[in-house]
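A look at the structure
For reference, the chains in residue letters:
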Amino acid sequence: VENTVVTRLLEGGEITARFLRGGSSREFAKFEAEVRNDKKELTRLQKFAGAGLMLSDVTSDFLRKYEAHRRGIGNAQNTLNTTFRFMRRIMRQAYAEKLILINPFDHYKVPKPEETSPIFLEEPEKQKLIKLLDKPIDAGLYNTLCYFLLACYTGFRHSDWSKFDPDTMIVRDVVRLRAKKNRTWVMLPIGTTLSDVIARIKIIGPPVSLDKCNGHLKVLQLMAGL
């Protein structure tokens, strides 16, 4: 600590209460953008802590409160694991660059992941969703319905939806896209149902955000009787 204070003085830096607590004047969001740039996780964090969160504000006590908050709104164990591994990476890098004097993850355990079995829609269930295409529904719900059906019949993730361009990604009745998550090619022949969905997507514009999409899907699930 003495060495850190002396170095701070030699560099002309100010010795503040925040600095002595092991803090940094760097904003979490700005540093996160340099290290990871995960807008989804950052948005969730800012909803809890506000936009002015500093690196030094992320203590082990803060992490425990944030975990309790996320559990309180119903986050699954694997979602919690993803969130806190994301934060651990940011704080480890901040500690390595001496932006913080203490890594809060030294005194906090990341929630462990759980093994889960994937749940798939069966064809009769997809048909119930397809029937909603011609019913009068809200524009946001209709947007999500079209893109979700695109995912059902192509395997595209939400992160790929906004990149889907029918004019450039369909060659001889085959849709092809390099997935954002793992950079592998997805190539599938276009059948009658997928052709209809793609025609609708050409009209509706880009997809909504993942959070809005998840909310829409819960409504669509009820409307389809799933």
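The text that follows walks through the structure, step by step, so that each part is easy to find. (Residues numbered from 1 in each chain as written. Predicted model: local features only at pLDDT ≥ 70, side-chain atom pairs only at ≥ 80, totals over all residues. Heavy atoms only, no water.)

Glancing now at the packing of aromatic side chains. Taken as a whole and judged by the stated rule, the model has seven aromatic pairs. Note on F105 and Y108: the rings are 5.7 Å apart at their centroids and 75° apart in plane angle, and the pair reads as edge-to-face. Assessed through its relative accessible area of 9%, F105 is described here as buried. Judged by its relative accessible area of 7%, Y108 is buried. One aromatic cluster is present, formed by F48, F62, Y66, F84, F105 and Y108 through successive ring pairs. The cationic tip of K126 hangs over the ring face of Y153; the distance from NZ or CZ to the ring centre is 4.6 Å. (Phe/Tyr/Trp six-rings, centres within 6.5 Å; stacked < 30°, edge-to-face > 60°. Buried < 20%, exposed > 50% of the residue type's maximum accessible area, 1.4 Å probe, protein only. Lys NZ or Arg CZ within 6 Å of the ring centre and 35° of its normal.)

Scanning the entire structure with this criterion turns up one cavity of 30 Å³ or more. In terms of lining, the largest cavity is formed by F28, A29, L42, L45, Q46, G50, A51 and L53. Elements that contribute at least two residues to the lining of the largest cavity include exactly α3 (28–35) and α4 (39–49). The element best represented in the lining of the largest cavity is α4, accounting for three residues. Each residue belonging to the lining of the largest cavity can be placed in one class, and the counts come to six nonpolar, two polar and no charged. (1 Å grid on protein atoms, 1.4 Å probe; cavity = no way out; pocket = protein on both sides within 12 Å on 5 of 7 lines; lining within 4 Å. Points joined across faces, edges and corners; volume = space filled by probe spheres on them. Helix = DSSP H or I, 4+ residues; strand = E, 2+ residues; numbered from the N terminus. Nonpolar A, V, L, I, M, F, W, Y, C, P; charged D, E, K, R; others polar.)

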